[in-house]
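Fold and contact review
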Amino acid sequence: MQKTVLISGATSGIGLACAELFAQNNYNLILTGRRNDRLQNLKEKLSNEFDIKVVIFSFDIRNKDSVIKAIDEIKAQDLKIDILINNAGLASGLNTVQEGDYDDWEKMIDTNLKGLLYISREVLPMMIKQEGGHIINIGSIAGKEVYPNGNVYCATKHAVDAITKGMRIDAVKHGIRVSQIAPGAVETEFSIVRFHGDKNKADAVYKGFEPLHPEDVADAVFYVVNTPKHVNINDLVIMPTAQASATIMHKTE
Ligand code: NDP
Ligand code: 8X3
């Protein structure tokens, strides 16, 4: 039977690459993000190209009521969620704590941590009712290590690491698989967002080495989802070959 995957943050980067890969493999899609124009275009493109159903919901994942409303709508439409990819997230700013910006902190904590929790809180009961499912949390190397000026972003991704472990404990008796994928540097809109739209600063991050491409992470997600049902990949760290740790890159220029 055709499976359905809900991807948060499908308007760009890793989420978009996941949407494309799962569409190519005949999964129905539920796609979310704030930029409705992008969601509309993606829905049109993927549902024309593939024999799949694509449903979109445009909302800010930081808003608990909007998350609940979207999931209620999914239930009202009798849609089943087999796989949830908790991908929506961001870094905002790169500063010491003493120079930190409160708005940046709130954006990161509310999106990466609370947003992920809201959507999981709403989807898990559906999975429990259907006696199975798979949640993939997109963590980061920043959830394994802390790097200079990364403080709050690293804290949110360490929290994703912990929540993934906690969720797995809570879900195990329901036959629900819970996995984390923790990438190193992936060239997406991530750094443009981190540097508040400064494209030159963002481009410099990926200069002199080959970063991961969003499709590389989508491949890893697809692999994790498609292991046999009795197998769970708890945690998968995926790095560019030229990146040995959060801070050690082999750059040629
Ligand atoms: P992008 O900026 O390209 O994509 C981020 C996605 O998250 C967008 O679709 C965006 O949609 C969505 N999003 C952000 N904030 C919100 C919000 N408040 N409500 C709803 N959706 C939101 O970055 P990436 O693809 O790189 O990031 C995806 C995930 O991967 C993040 O969790 C990030 O932390 C993680 N990650 C990224 C790495 C990297 O180097 N790029 C490495 C390790 C992890 P919209 O703006 O339309 O709302
Ligand atoms: C994104 C990768 O190393 O900038 O999570 O934190 S990093």
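To keep things clear, this report deals only with the structure shown in the data block. What you see is a predicted model; the values in this text were computed from it and never measured. (Residues numbered from 1 in each chain as written. Chains lettered and ligands numbered in written order. Predicted model: local features only at pLDDT ≥ 70, side-chain atom pairs only at ≥ 80, totals over all residues. Heavy atoms only, no water.)

Attention now goes to the environment of D82. With respect to the helices and strands, the residue D82 is situated in the loop between helix 3 (64–76) and strand 4 (83–86). For the pair D82 and E99, spaced 17 residues apart in the sequence, the C-alpha separation amounts to 43 Å. Not counting residues up to four positions away in its chain, the partners in contact with D82 are K3, T4, M127, Q130, G133 and H134. Looking at D82, its side chain comes within polar contact range of the main-chain nitrogen of T4, at 2.7 Å. (Helix = DSSP H or I, 4+ residues; strand = E, 2+ residues; numbered from the N terminus. Contact = heavy atoms within 4.5 Å. Polar contact = N/O pair within 3.5 Å; in protein donor to acceptor, adjacent residues only side chain to side chain.)

It is worth spelling out the environment of K165 at this point. Of note, K165 is situated in helix 5 (residues 151–171). Taking the C-alpha atoms as reference points, K165 and M126, 39 residues apart in sequence, are found 20 Å from one another. Of the polar contacts made by the side chain of K165, one reaches the side chain of D161; its length is 3.0 Å.

Further remarks concern the sheet that holds strand 3 (residues 54–58). Backbone hydrogen bonds are what pair the strands of a sheet, in a parallel or an antiparallel way. Strand order in the open sheet made by the seven strands is 3-2-1-4-5-6-7, with parallel pairing throughout. Of all the strands in the sheet, the pair left with one neighbour each is strand 3 and strand 7 (235–238). Ignoring strand direction, the axes of neighbouring strands in this sheet form an average angle of 15 degrees. (Pairing = 2+ DSSP bridges. Axes fitted to C-alpha atoms, helices over the stretch in contact; angles between N-to-C directions.)

Every one of the 29 residues lining ligand 1 counts as a neighbour, but T11, S12, R34, Y153 and T188 are closest to it. Here a nitrogen atom of ligand 1 and a side-chain polar atom of D60 are 2.9 Å apart. Contact with the protein chains covers 96% of the free accessible surface of ligand 1, which is 890 Å². Of all elements in the fold, only helix 1 (13–24) and helix 5 reach the threshold of two or more residues within the shell around ligand 1. Across the shell around ligand 1, the residue classes break down as 11 nonpolar, 12 polar and six charged. (Near = heavy atom within 4 Å. Areas by Shrake-Rupley, 256 points an atom, 1.4 Å probe, with all protein chains shown as cover. Nonpolar A, V, L, I, M, F, W, Y, C, P; charged D, E, K, R; others polar.)

With that out of the way, let us pick up the pattern of salt bridges. Using the criterion set out here, one finds 12 salt bridges in the structure. E20 is paired through a salt bridge with K45; the nearest N and O atoms lie 3.3 Å apart. Highlighted residues: E20 in helix 1 and K45 in helix 2 (residues 36–49), separated in sequence by 25 residues. On the accessibility criterion, E20 (24% relative accessible area) is partly exposed. Between K45 and E49 there is a salt bridge, and its shortest N-O distance comes to 3.8 Å. Highlighted residues: K45 and E49, both in helix 2, separated by four residues, approximately one helical turn. Note on K45: relative accessible area 39%, which makes it partly exposed. Sharing partners across several salt bridges, the network here consists of K144, D161, K165 and D235. (Salt bridge = Lys/Arg side-chain N within 4 Å of Asp/Glu carboxyl O. Buried < 20%, exposed > 50% of the residue type's maximum accessible area, 1.4 Å probe, protein only.)

As a further point, take the site of ligand 2. In the region of ligand 2, the neighbouring residues are S140, I141, A142, Y147, Y153, F190 and R194. Here an oxygen atom of ligand 2 and a side-chain polar atom of Y147 are 2.6 Å apart. Its residues assigned to classes, the shell around ligand 2 comprises five nonpolar, one polar and one charged.

We describe a pair of aromatic rings using the distance from one ring centre to the other and the angle between the two ring planes. Scanning all chains against the criterion turns up five aromatic pairs. Pairing F22 with F222 gives two aromatic rings, centres 5.1 Å apart and planes at 65 degrees, and the pair type is edge-to-face. Highlighted residues: F22 in helix 1 and F222 in helix 8 (residues 214–225), separated in sequence by 200 residues. Here F22 and F222 have matching classes, each one buried. Where Y102 meets W105, the ring centres are 5.5 Å apart and the plane angle is 85 degrees; that geometry is what we call edge-to-face. With a gap of three residues between them, Y102 and W105 both fall in helix 4 (residues 102–129), about one helical turn apart. Overall, the relative accessible area of 61% leaves Y102 in the exposed class. Here a set of aromatic residues connected by ring pairs shows up, and it is made of F22, Y27 and F222. Above the ring of Y153, the side-chain terminus of R194 is found at 5.2 Å from the ring centroid. (Phe/Tyr/Trp six-rings, centres within 6.5 Å; stacked < 30°, edge-to-face > 60°. Lys NZ or Arg CZ within 6 Å of the ring centre and 35° of its normal.)

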